[in-house]
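Residues per chain are reported as follows:
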Amino acid sequence: MIELENIKQQTTGLEPSEALKLLADQFPDKIVFSTSFGWEDQAITHMIFTNNLPIKVFTLETGRLFPETYYVWNRTMEIYGKPIHAYYPQHQALEQMVNTKGPNSFYESVDNRKECCGLRKLEPLNRALAGNQLWITGIRAEQSINRQAMENVEWDEQHQLLKFHPIFNWTLDDVKAYIKNYNIPYNTLHDKGFPSIGCLPCTRAVQPGEDFRAGRWWWEDQDKKECGLHELIIDNK
């Protein structure tokens, strides 16, 4: 894909904020950034807001987030004075699932968990991405074995758009240093052993030596820790 290869070449060697500015200029009104208010996303949000980049920042409001997540969401809006657009699940489908299976059916089977993720995250994501051409994410290579097989620029076949991961090659120490240097608000659950923070019922602290995503859906197979938001892309050509 010519456009994908061009973006790879144009962004190689650029600082993340420089790459974001370049892409915002190339995709006016067609570029969005998804945040879940973790370390990585807060760093990128800072880059976007402090440079007044015309990139729409959105989040998926599943209805099951931690109180600490809501706090950092609100604090981020207060500090930067910028909107963060929330996308909610379709209430009728969600009500039907809960009325039929109960509020915690995701513990019972992988299929139930995927159904819940589909209603609370994937369907709202489809609406958030509709009509856009470039999706910015906070993915880093060292977060999981699956993500090490990805590249910093990809083609998302499902949503028919390009994806760019501006801090793909940063280490966790790089992210923490950036957060500290710019005094960026972050989710305090990170200080309590939560490297990856999703919905409250599906996230626990990670023990020393455990994988980065061991705390997500911990009752399932350790090798299947993705909810479907970021499918592994093997062939970008």
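The structure presented is a predicted model; accordingly, all values stated were derived computationally and were not measured. (Residues numbered from 1 in each chain as written. Predicted model: local features only at pLDDT ≥ 70, side-chain atom pairs only at ≥ 80, totals over all residues. Heavy atoms only, no water.)

Trainee: For the overall build of the protein, give the residues involved together with the corresponding values.
Mentor: Tallying secondary structure elements over the protein gives eight helices and six strands in all. Every one of the 237 residues in the protein was classed for burial, and the buried ones make up 51%. A separation of at least 24 residues holds for 69% of the contacts in the protein among residues at least 6 apart in sequence. (Helix = DSSP H or I, 4+ residues; strand = E, 2+ residues; numbered from the N terminus. Buried < 20%, exposed > 50% of the residue type's maximum accessible area, 1.4 Å probe, protein only. Contact = heavy atoms within 4.5 Å.)

Trainee: Please provide a residue-by-residue account of the state of the cysteines, values included.
Mentor: A covalent bond between the sulfur atoms of two cysteines is referred to as a disulfide. Evaluation of the coordinates by the stated rule reveals zero disulfides. Cysteine Cys 116 is unpaired, with the sulfur of Cys 117 as its nearest cysteine sulfur at 6.1 Å. The closest cysteine sulfur to the non-disulfide-bonded Cys 199 is located on Cys 202, 5.7 Å from its own sulfur. (Disulfide = S-S within 2.5 Å.)

Trainee: An account of the nonpolar core is needed here, citing residue identities and associated values.
Mentor: In terms of nonpolar packing, the biggest core is built from 36 residues, with Leu 20, Ile 48, Ile 55, Leu 134 and Ile 136 touching the most fellow members. With six residues, the top contributor of residues to this core is helix α3 (residues 39-50). Not counting chain neighbours up to four residues away, the residues in contact with Ile 48 comprise Leu 20, Phe 33, Leu 53, Ile 55 and Val 57. One finds Phe 58, Leu 125, Leu 129 and Leu 161 within the second-largest nonpolar core, a separate group that totals nine residues. (Core = buried A, V, L, I, M, F, W, Y, C linked by side-chain atoms within 4.5 Å.)

Trainee: Hey, could you go over the pairing of strand β2 (residues 56-60) for me, with residue numbers and the actual values?
Mentor: Across the five residues of β2, four count as buried, placing the element largely inside the fold. Between strand β1 (residues 31-34) and its parallel partner β2, the chain crosses via α3, and the hand of that crossover is right-handed. Bridge count for β2 against strand β3 (residues 85-87) is three bridges, and the pairing is parallel. Counted as the bridge partner of Thr 59 is Ala 86 from β3. Between the parallel pair β2 and β3, the chain is carried across by helix α4 (residues 67-80), and the sense of this crossover is right-handed. (Right-handed = clockwise from strand over helix to strand, strands pointing away. Pairing = 2+ DSSP bridges.)

Trainee: Quick rundown of the confidence of the model for the protein? Include the residues and the values.
Mentor: Parts of the prediction with low pLDDT should not have their coordinates interpreted in detail. With 90% of its residues at a pLDDT of 70 or more, the protein has an overall mean of 90. Per-residue pLDDT stays below 50 along residues 232-237; that stretch engages in 15 contacts with residues further than four places along the chain or on separate chains. (pLDDT = per-residue confidence, 0-100.)

Trainee: Before we move on, can you summarise the sheet that holds strand β6 (residues 161-164) with the specific residues and values?
Mentor: Spatial ordering of the open sheet is given by β3-β2-β1-β4-β6-β5, a layout of six strands whose pairing is mixed. Across the chains shown, the open sheet's two edge strands, defined by having one partner strand only, are β3 and β5 (153-156). Averaged over all neighbouring strand pairs, the angle between strand axes comes to 30 degrees, with direction disregarded. Judged from the three bridges that link them, β1 and strand β4 (residues 134-136) form a sheet pairing that is parallel. If you follow Val 32 over to β4, its bridge partner there is Trp 135. Across the sheet, α3 lies against β1, β2 and β4, angled at about 145 degrees from β1, the strand it touches most. (Axes fitted to C-alpha atoms, helices over the stretch in contact; angles between N-to-C directions.)

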